[in-house]
Amino acid sequence: MSAPAVHSLWTMAADPIEKIQAPKIEYGQLSPTLIVIGAAILGVLIEAFVPRRSRYYVQVFVAIVALAASFAAVVGLAAGGYGTTKAGIAAMGAIAVDGPALFLQGTILLAGLLGVFTFAERRLDPAAHGKRVDSFAAQAASVPGSDSEKAAVKAGFTTTEVFPLLLFAIGGMLIFPAANDLLTLFIALEVFSLPLYLLCAVARRKRLISQEAAVKYFLLGAFASAFTLFGIALLYGYAGSVSYATIAQVVDGTVQNVSPALAGTMGNDALLLVGGAMVVMGLLFKVGAVPFHMWTPDVYQGAPTPVTGFMAAATKVAAFGALLRLLYVVLPGLRWDWRPVMWAVAIVTMLGGAIVAITQTDIKRLLAYSSIAHAGFILAGVIATSPDGVSSVLFYLGAYSFVTIGAFAVVTLVRDAGGEATHLSKWAGLGRRSPLVAAVFAVFLLAFAGIPLTSGFAGKFAVFKAAAESGAGAIVVIGVISSAIAAFFYIRVIVLMFFSQPRPEGPTVAVPSPLTMTAIGVGVAVTLVLGVAPQYFLDLAGQAGVFVR
Amino acid sequence: MSFPLLTATAVLPALGAIATAAVPAAKRTAAKWLALIVSLGTLALAVTVLMRFDPGGARYQLTESHAWIPEFGVRYELGVDGIAVALIALTAVLIPFIILAGWHDADPLETGSKRWRPTQGFFALILAVEAMVIISFEATDVFLFYIFFEAMLIPMYFLIGGFGDRAHEHGEETAATQRSYAAVKFLLYNLVGGLIMLAAVIGLYVVAGNFSLTEIAEARANGSLHMATSTERWLFLGFFFAFAVKAPLWPLHTWLPNAMGEATAPVAVLITAVVDKVGTFAMLRFCLQLFPEASKWATPAILVLALISIIYGALLAVGQRDIKRLVAYASISHFGFIIMGIFAMTSQGQSGATLYMVNHGISTAALMLVAGFLISRRGSRLIADYGGVQKVAPVLAGTFLIGGLATLSLPGLAPFVSEFLVLVGTFSRYPVIGIIATLGIVLAALYTLVLYQRTMTGPVKAEVAHMPDLRVRELVVVAPLVVLLIFLGVYPKPVTDIVNPAVKQTMSDVHKKDPQPEVEAAK
């Protein structure tokens, strides 16, 4: 090598290299998520350093304060106009702060708050060895039935780790509908999924079923995540970027600078279609839409009921939010391709969920299939591809999550010697023994069925109206038919509760602490208020109906 | 702003329902009195509505209009025309009698849980139904109407499924099963009807952009809102299906005999005399006004279905062994007459149909409530278990006979006037159908008189030998109804005066004129 060549090597290396710019982070706009994640990390530290006897109280306190603060931050941002006029992209394009994101984050936070209340309930199970216990295993790591489990129960341990896990899940869910590039989307997906898999496994009673549910959820969820990730890779190959805005530009054909490395594959429609389909599949899995619903009944049944309630409400909100953003921001140019597919998915989801639910004999499985049918109704709003469609979906999600958490909270109250009495036959005559609890549950069932004067009706009307206005009249007709089918099994439960003779050995209704009472009370109140006077919330959802790009 | 009279008429029973439900478990009698007083208060308000209503005035009166859910284009709009006023009055008149007649129907048999309060629930539910029925009659916003049209199913469902006759020929276990079957059947039929209507309601919104009955009807009349023929027909069918289930029209009627058979007599009256009227009322108010062309298109088919209802209901009534199911089938026959009168598209037919709604309410209430008193004495609904009752309980038998004669439209009693008007109105346009429909009267005479003969005349059966006659409470229920039947039979003018202008309006909505007499046309 000659001297000048070496010299040039030196000088080239000596050139001032481009500095890595420090990322610009809008801490204020990201504060809701940061608060929750920070509290989750704090929760882990609490597990490590706070003495066992006071952990429960500290954890509950931290979780409630964090969620309330985060919700206040969301409200503050929305009031500051970040949902409408000041909507924008934060964290270098990774996170969108706009109307739908804030609305969904607010909903998830409230659902999470009620979730904490049900998680923290310690009066339902009889005290074990003089210590109050909640719905979670004494020591999740001990093998069911083993001596170590017995020792843990005897020592009065409780799994207070559920609170940080819950906060991590909520943190992921807050990012999920706000994610503005595919990698953030995937990371958020994992951040909220992994804690949920764990939470499913830590039931205090029926531990084997609980662990089985967690394994099923984990395996299928991992499979769905893999699909999503593969789809993301294909979309990257298609657009040369994971950013939503860039992909949308490539789809529209308005892209500015083409990366030379990817020029060969860029704009290849096969990549776009297959990649888009795979990402959507991953989201439909989380939503629980047919044919990606197989996990729902088993997981809903096996998971500890407070977890089921939280998961059924908040996961659906987060996943539908992400699905909406993906379809409305990234793939609107592809509408003519995905709409027929989503039509089909919506139809089989509505009908499938409603029909299979009829044969169920377990209340949690019944609610699981009902949640599938509801996913179908929400999809009817998703395919409207109009601002009305977005706001109707937002409203539906808000209304649905409160009904769901309330309904599952009631399920935790009805108990016999083996814990929760979830078999439907045991609910016979509940209306005579505990009229109030039965009446409250009836309100939730009527809301699920979409009877007027409940939030379920307002939500259903909103999505069907949006669908009809976009020309999807057939969806509306199939929607009302599946509502009629669904009404049958909701009514069957009401018949059972009120018109059947109570069984002598039937379950008792536990008197909960104010925590669960609050969760149920808020559920009922929101259900009725949104049913009678939905306008304020419709306005809110209507203002939040525009995605930032 | 003037006093919102129409809102008050609906809100009072609603508040009464909440208050009644909140009465402590031990104070059953207080709950009953509270419900009765509230229903009488509602009656007073309904009478005020009647007095303030000017038959010669604007089409919708006492109107109220407030924004409610702008997002959906929904307004809280109330207003009454003559037809609505008549039906609100009917509802408000009947509910106190229903409450009085059902005074002991919901007394708990066993002292169950301390919190189990069937009595409070029973009367609260009746008042809730009253509130929802009244607001359905008042609503001039399609969405508002729909909400209460659907919501009233829930209290009705609990009334049917939760409360049955004290004694039952097959024992309490079977009775409970049959009751809940009847309640579920009632709810599912009506819910499916309602959901199909929901699709049509959404369709209407997509086409019209709002839900205001007056605005849409006006826009349709002046041509600014055009509907494609097929759209109009689909929407009409969606609405009509729901109303035909509720009314009920053959072949969607099968829930009614179950529901009326299993429910207690006062609840059966509530179903057929009050709630079902919302269906026929809505045909007049919504189907004809919103979809005039489609209504005319569907008329021949509907008339045939109504005719089948008349004959089929009457024939099945003849064959019944159960008193309450007999009255139910008779009602199906009568609803056939009402629907026939509405769709004959003559002013006589429609006036007759509206009058029929009122009269059928009163006559069925009289017959069914007395039948309920009878059944509560013997503990059986089977006709064969009775005989010779008129010798031991002459007053009961006498009022039963008057109720029965009203059902078969004896001249001099109220239903005669309306049935005559319906038949004349139908005959002037559709002579063949009118003639066949008169068969219904003949059959009505058959089933009523045979019912009377088998239960009241003949040798006194041992089981009824010590049957007490009507008690004071029961007399208070029956006597005013009988007086009303006779009064409106002799002097129907007060009702027809209120109803006629509204009917003329409706007729002009569908651009139909009464057919001219042949002689005049020939000139």
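Residues numbered from 1 in each chain as written. Chains lettered and ligands numbered in written order. Predicted model: local features only at pLDDT ≥ 70, side-chain atom pairs only at ≥ 80, totals over all residues.

Helix and strand counts for chain B come out as 21 helices and two strands. Computed over C-alpha atoms, the radius of gyration of chain B comes to 22 Å, within 12% of the 24 Å expected from 2.2 N^0.38 for 523 residues, which places it in the range of a compact globule. Within the span of chain B, comprising 523 residues, buried residues form 61% of the whole. Restricting to contacts in chain B with at least 6 residues of sequence separation, those with at least 24 account for 82%. (Helix = DSSP H or I, 4+ residues; strand = E, 2+ residues; numbered from the N terminus. Rg over C-alpha atoms; globule rule 2.2 N^0.38 Å. Buried ≥ 20, exposed ≤ 12 C-beta atoms within 10 Å, placed from the backbone. Contact = placed C-beta atoms within 7 Å.)

Take the overall build of chain A next. Each helix and strand counted, chain A has 21 helices and five strands in total. In summary, chain A has a C-alpha radius of gyration of 24 Å against a globular reference of 24 Å for 549 residues, a match within 12%. Dimensions along the principal axes, computed over C-alpha positions, put chain A at roughly 95 × 60 × 40 Å. Across the 549 residues of chain A, 60% fall into the buried class. Pairs at least 24 residues apart make up 80% of the contacts formed inside chain A by residues separated by at least 6 positions.

Tallying the contact residues gives 31 residues for chain A and 32 residues for chain B. The class makeup of the residues in the side of chain A that touches chain B is 21 nonpolar, five polar and five charged. (Nonpolar A, V, L, I, M, F, W, Y, C, P; charged D, E, K, R; others polar.)

Another point: the sheet that holds strand 4 (residues 419-420) of chain A. Residue and element names in this part refer to chain A. In space, the three strands of this open sheet follow the order 4-3-5, with antiparallel pairing throughout. Looking along the sheet, the strands with just one partner apiece sit at the ends: strand 4 and strand 5 (508-509). As defined by bridge partners, strand 3 (residues 414-416) adjoins strand 5 across two bridges and the pair is classed as antiparallel. Counted as the bridge partner of R415 is T508 from strand 5. (Pairing = 2+ DSSP bridges.)

With 431 residues, the main nonpolar core has I126 and L369 of chain B as its most contacted residues. If you tally residues by element for this core, the top one is helix 19 (residues 473-499) of chain A, at 19 residues. If near-sequence neighbours (up to four positions away) are discounted, I126 of chain B is found in contact with A35, I95, I98, I99, L159 and L270 of chain B. (Core = buried A, V, L, I, M, F, W, Y, C linked by C-beta atoms within 7 Å.)

We now examine the packing of helix 17 (residues 435-449) of chain A against helix 19 of chain A. Helix-helix packing: each pair is described by the crossing angle between the helix axes and the interaxial distance. All names here are of chain A. Where helix 17 meets helix 19, the closest approach of the two axes is 9 Å, and the angle between their N-to-C directions is 170 degrees. One finds that helix 17 runs roughly antiparallel with respect to helix 19. Here helix 17 contributes A438, F441, A442, L445, F448 and A449 to the contact with helix 19, which in turn contributes A486, A487, Y490, V493, I494, M497 and F498. Residue classes in the contact of helix 17 with helix 19 are distributed as 13 nonpolar, no polar and no charged. (Axes fitted to C-alpha atoms, helices over the stretch in contact; angles between N-to-C directions. Parallel < 35°, antiparallel > 145°, perpendicular 65-115°, else oblique.)

In this section: the pairing of strand 2 (residues 74-80) of chain B. The side chains of a regular strand alternate between the sheet's two faces. Residues and elements named next belong to chain B. Burial within strand 2 is extensive, with six of its seven residues counted as buried. With six bridges joining them, strand 1 (residues 61-69) and strand 2 adopt antiparallel strand pairing. Bridge pairing in strand 2 places H66 opposite Y76.

Residues and elements named next belong to chain B. Relative to the helices and strands, H66 is located in strand 1. When the C-alpha atoms of H66 and I308 are compared, they prove to be 43 Å apart, with 242 residues separating the residues in sequence. Residue contacts for H66: discarding those within four places in its chain leaves R75 and Y76.

Next up on the list: the environment of L351 of chain A. Residues and elements named next belong to chain A. Here L351 shows up in helix 13 (residues 335-358). As for L351 and A373, which are separated by 22 residues in sequence, their C-alpha atoms are 6.9 Å apart. Once residues within four sequence positions are removed from consideration, L351 is found in contact with I478 and S482.

This brings us to the confidence of the model for chain A. Detailed reading of the predicted coordinates is not advisable wherever pLDDT is low. Per-chain confidence: chain A averages 86 in pLDDT, with 95% of residues scoring 70 or above. Per-residue pLDDT, averaged within each element of chain A, yields its smallest value for helix 1 (residues 3-14) of chain A (52) and its largest for helix 6 (residues 162-175) of chain A (94). (pLDDT = per-residue confidence, 0-100.)

With omega at 5 degrees, the peptide bond leading from V290 of chain A into P291 of chain A counts as cis. Tracing the backbone shows P291 of chain A in the loop between helix 10 (269-287) and helix 11 (295-302). Going from A247 of chain B to P248 of chain B, the amide bond is cis rather than trans, its omega being -15 degrees. For P248 of chain B, the position within the fold is in the loop between helix 9 (229-246) and helix 10 (255-262).

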